[in-house]
Structure formats: structure tokens, C-alpha cells
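# Coordinate analysis (summary)
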Amino acid sequence: LGGEYVPTTDVGYITDLTELLDAIEQSTDSSKGLEFYKKVTDLASSTSLEHLSTVRTPHERANPLSSILKYALYRSDNGNGNEIHVSRDGMEFLDKPIDSYGDSIVIAEFNKRSGYNPVLTAETIRATNV
């Protein structure tokens, strides 16, 4: 993985992120849920649920299905995919760069017209980050 993966036995940040997901599920206010989504749990690595939704992992870069998914999102009704041949930098989904599609989906879930559903929002975060 090009030296990007560093094994560790410190999994405390995973517990912290899980607790933030539980807090989102229990919140009745979307602004409070969004605060939990953006909360940094590990200051050294700036880890937050939002951070997980916006960074490209080594696994994602190595997985060819990731590129297929991003191209499909780009070409969808919510993407800016009018042209077939375009660089990744020019691809957008929900008016944001394609590489942060997970965050775009989560923010759309927080802001949807039908209202805030904390359980569905937490599930959306899980689905876009697993």
C-alpha cells in the first residue's frame, strides 16, 4: 500500500467514531447531528466521520470499482457528467468534487426536504464509509 498503512493496536478512535454514530442516531436536532458528524475524535490525525467521507484511502485508490462508482455518480442526474472524457478533477456530484461523494451524500441527507431522520442519517454515514 505504498507505506500509507501503519498497523496499530490503538483502536480508541474507532470506538469514538462508533459512539458519535450512536449520538447521531439519538439526536433529534439536525444541527446537533451535524456537530457530531464534524467532531474530531483523534487530534493527531484529524479523524472525524466527516473526514472519513472526504479522504481517499489506499484501498479506494487500488479498487477499480471505486472509479466505476464515481464515474456513474458523475454521469447521474446529480452529477455534472455531460462529457464522457473528463479528468477526475472536473467531475462533480451534488455540486462537490467527486472524490468527496460520501460527504455530499451525507450532507444531502442532513438537509433533505422531508426533514431530519437521525436513524437514516446514521445509516447513510455507515453506508458511505464502510
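Residues numbered from 1 in each chain as written. Predicted model: local features only at pLDDT ≥ 70, side-chain atom pairs only at ≥ 80, totals over all residues. Heavy atoms only, no water.

Before going further, it helps to spend a moment on the nonpolar core. Note that soluble globular proteins tend to have their nonpolar side chains buried in a common cluster. Ile24, Tyr37, Leu49 and Ile125 are the most contacted members of the largest nonpolar core, which totals 14 residues. Of all the secondary-structure elements, those providing two or more residues to this core are α1 (12-26), α2 (30-38), α6 (101-110) and α7 (118-129). When residues in this core are grouped by element, the largest group, 5 residues, is from α1. Among all residues touching Ile24, those that are not within four sequence positions of it are Gly33, Phe36, Tyr37, Leu49, Tyr116, Pro118, Thr121, Ala122 and Ile125. Listed in part, the 6 residues of the second largest apolar core include Tyr74, Met91, Phe93 and Ile98. (Core = buried A, V, L, I, M, F, W, Y, C linked by side-chain atoms within 4.5 Å. Buried < 20%, exposed > 50% of the residue type's maximum accessible area, 1.4 Å probe, protein only. Helix = DSSP H or I, 4+ residues; strand = E, 2+ residues; numbered from the N terminus. Contact = heavy atoms within 4.5 Å.)

This part is about the packing of aromatic side chains. Evaluation of the coordinates by the stated rule reveals 3 aromatic pairs. With a centroid separation of 5.9 Å and an interplanar angle of 55°, the aromatic rings of Tyr37 and Phe110 are classed as tilted. In this pair, Tyr37 sits in helix α2 while Phe110 sits in helix α6, placing the two residues 73 residues apart along the sequence. Each member of the pair, Tyr37 as well as Phe110, is classed as buried. (Phe/Tyr/Trp six-rings, centres within 6.5 Å; stacked < 30°, edge-to-face > 60°.)

With 86% of its residues at a pLDDT of at least 70, the protein reaches an overall mean of 85. Per-residue pLDDT, averaged within each element of the protein, yields its smallest value for helix α4 (residues 58-62) (66) and its largest for α2 (94). (pLDDT = per-residue confidence, 0-100.)

Here we come to unusual backbone geometry. Within the chain, Leu94 stands out as a residue other than glycine whose phi angle is a positive 55°. Considering the arrangement of structural elements, one finds Leu94 in the loop between β1 (92-93) and β2 (96-97). Of the residues examined, Leu94 reaches a relative accessible area of 28% and is grouped as partly exposed. The phi angle at Asp95 is positive, at roughly 65°, despite the residue not being glycine.

Here we come to α2. Along α2, the residues that are buried comprise Gly33, Phe36 and Tyr37. Considered in projection along α2, the buried side chains sweep an arc of 105° and stay on one side of the axis. Its buried side turned inward, α2 meets α1, α3 (49-54), α6 and α7. (Arc of directions from axis to C-beta.)

Scanning all chains against the criterion turns up 8 salt bridges. The closest approach of N and O atoms between Lys32 and Glu35, which form a salt bridge, is 3.2 Å. Here Glu35 and Lys32 lie together in helix α2, a separation of 3 residues that amounts to about one turn. In this structure Lys32 comes out as partly exposed when scored by relative accessible area, which is 36%. For the salt bridge of Lys96 with Asp103, the shortest nitrogen-to-oxygen distance reads 3.6 Å. Linked through salt bridges whose partners overlap, the residues forming this network are Glu25, Glu123 and Arg126. (Salt bridge = Lys/Arg side-chain N within 4 Å of Asp/Glu carboxyl O.)

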